Amino acid sequence: MNTNIIREITPLTQNDCFMIFSRVKTRFDFPLHYHEEYELNLIINARGAKRIVGDHIEVIDDLELVLVGPNLSHAWFTHQCEGKEITEVTIQFHKDLLDERFLRKNQLSFIRTMLEHGQRGVLFAKETIERLKERILLLNRKTGFDSVLELFSILHDLSTSRNIRTLSDASFNSGTLHFNSRRIEKVFQYMNDNYSKPITLAEVARIANMPEASFSRFIKKRTGSTFINSLNEIRLGNASRMLIESTHSIAEVAYDCGFNNISNFNRIFKKKKSCTPKEFRENFSGSRIFI
């Protein structure tokens, strides 16, 4: 994938079902990026802004709702937008929130098809957005299981709506990563459970029951990333979560997430997210709720 496109490490953890981030702003300032999660974006009052999803570029109207699939590059840019109160609601959820076997059930066929199309990006019709936008705007007022049910209901209503349009070319997102490995899943589970502690290549290689050199090649082939990069991304995801949800100092966040050197934490954070931890905390000062 183009090196100018940032891989976003979201604050969504494996214990969350989904995350809602809502804010009112005057411009778009997040660069072209991609991430492992599905993302549903509702944008209001941004006529003239430019949307990029995969290889598709389009100037948007005053109301839009887009579903972006895992690892598909996307961004919105201010462009010709003159709106001073742009409302943006972003819902992110894991690609395995709905299990593949569950999605094969007849009653889930429309959602399954929509998620498949989401690999290319999906734009919903204006009449669909008008019908569902209040429910999306109010989703953050629901809690617990009710909020999960409401999200599923919204996804179902979107999947059965008319005039759904796919955006990116079918071949553009061919680089989507699939682990398909019980060994990798066990290693990532271990890293997710122990990211705050020192973790060595020898430890995870033992969990995978492989020699260190063989495991290094194996994880790179399966995930497209090295062991240390994968571990750092897990730590950065949790650090992002702490920066948003807590008032801990940046040094406390760094040490709590397994970084034993504040300078190293700042350097890796800036490299991966194109901003400092302090800037990240300031940029994400809107309403963010984890379910």
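This text follows the structure it describes.
Residues numbered from 1 in each chain as written. Predicted model: local features only at pLDDT ≥ 70, side-chain atom pairs only at ≥ 80, totals over all residues. Heavy atoms only, no water.

### With respect to the overall build of the protein chain
Step number 1: Broken down by element type, the protein chain carries 11 helices and 12 strands.
Step number 2: Relative to the compact-globule value of 19 Å for 291 residues, the protein chain shows a C-alpha radius of gyration of 19 Å, a close match.
Step number 3: With respect to the principal axes defined by its C-alpha atoms, the protein chain has extents near 55 × 45 × 40 Å.
Step number 4: Taken over 291 residues, the protein chain has a buried fraction of 49%.
Step number 5: A fraction of 75% describes how many contacts in the protein chain between residues 6 or more apart in sequence connect residues 24 or more apart.
Step number 6: Counting every atom, the protein chain has about 14,700 Å² of accessible surface; 48% of that belongs to carbon and sulfur.
Step number 7: Charged side chains in the protein chain number 41 positive and 35 negative. The centres of these two groups are separated by 5 Å. (Helix = DSSP H or I, 4+ residues; strand = E, 2+ residues; numbered from the N terminus. Rg over C-alpha atoms; globule rule 2.2 N^0.38 Å. Buried < 20%, exposed > 50% of the residue type's maximum accessible area, 1.4 Å probe, protein only. Contact = heavy atoms within 4.5 Å. Areas by Shrake-Rupley, 256 points an atom, 1.4 Å probe, with all protein chains shown as cover. Lys, Arg positive; Asp, Glu negative; His and termini not counted. Charge placed at Lys NZ, Arg CZ, Asp CG, Glu CD.)

### Regarding the environment of Leu-149
Step number 1: Mapped onto the elements of the fold, Leu-149 is located in helix α4 (residues 144-159).
Step number 2: The exposure class of Leu-149 is partly exposed, given its relative accessible area of 42%.
Step number 3: As a C-alpha pair, Leu-149 and Thr-166 span 17 residues in sequence and 26 Å in three-dimensional space.

### Topic: the side chain of Asn-232
Step number 1: Within the secondary structure layout, Asn-232 lies in helix α8 (residues 227-245).
Step number 2: Residue Asn-232 is classed as buried on the basis of its relative accessible area of 10%.
Step number 3: When residues no more than four places from it in sequence are discounted, the contact partners of Asn-232 are Phe-259 and Ile-268.

### As for the packing of aromatic side chains
Step number 1: Under the defined criterion, the tally for this structure stands at 3 aromatic pairs.
Step number 2: Between the aromatic rings of Tyr-38 and Phe-93, the centroid separation amounts to 5.4 Å while the plane-to-plane angle is 10°, which identifies the pairing as stacked. Taken together, the residues Tyr-38 in strand β4 (residues 38-44) and Phe-93 in strand β9 (residues 86-93) connect sequence positions 55 residues apart.
Step number 3: The class of Tyr-38 is buried, set by a relative accessible area of 6%.
Step number 4: Judged by its relative accessible area of 2%, Phe-93 falls in the buried class.
Step number 5: Taking the centre distance of 5.1 Å and the plane angle of 50° together, the rings of Phe-259 and Phe-265 count as tilted.
Step number 6: Of the residues examined, Phe-259 reaches a relative accessible area of 3% and is grouped as buried.
Step number 7: One aromatic cluster is present, formed by Phe-259, Phe-265 and Phe-269 through successive ring pairs. (Phe/Tyr/Trp six-rings, centres within 6.5 Å; stacked < 30°, edge-to-face > 60°.)

### Description of helix α2 (residues 109-118)
Step number 1: Within α2, burial applies to Ile-111, Met-114, Leu-115 and Gly-118. All buried residues of α2 fall inside an arc of 100° around its axis, so they share one side.
Step number 2: The inward-facing, buried residues of α2 abut β4, β7 (63-68), β9, α1 (100-103), β10 (122-123) and α4. (Arc of directions from axis to C-beta.)

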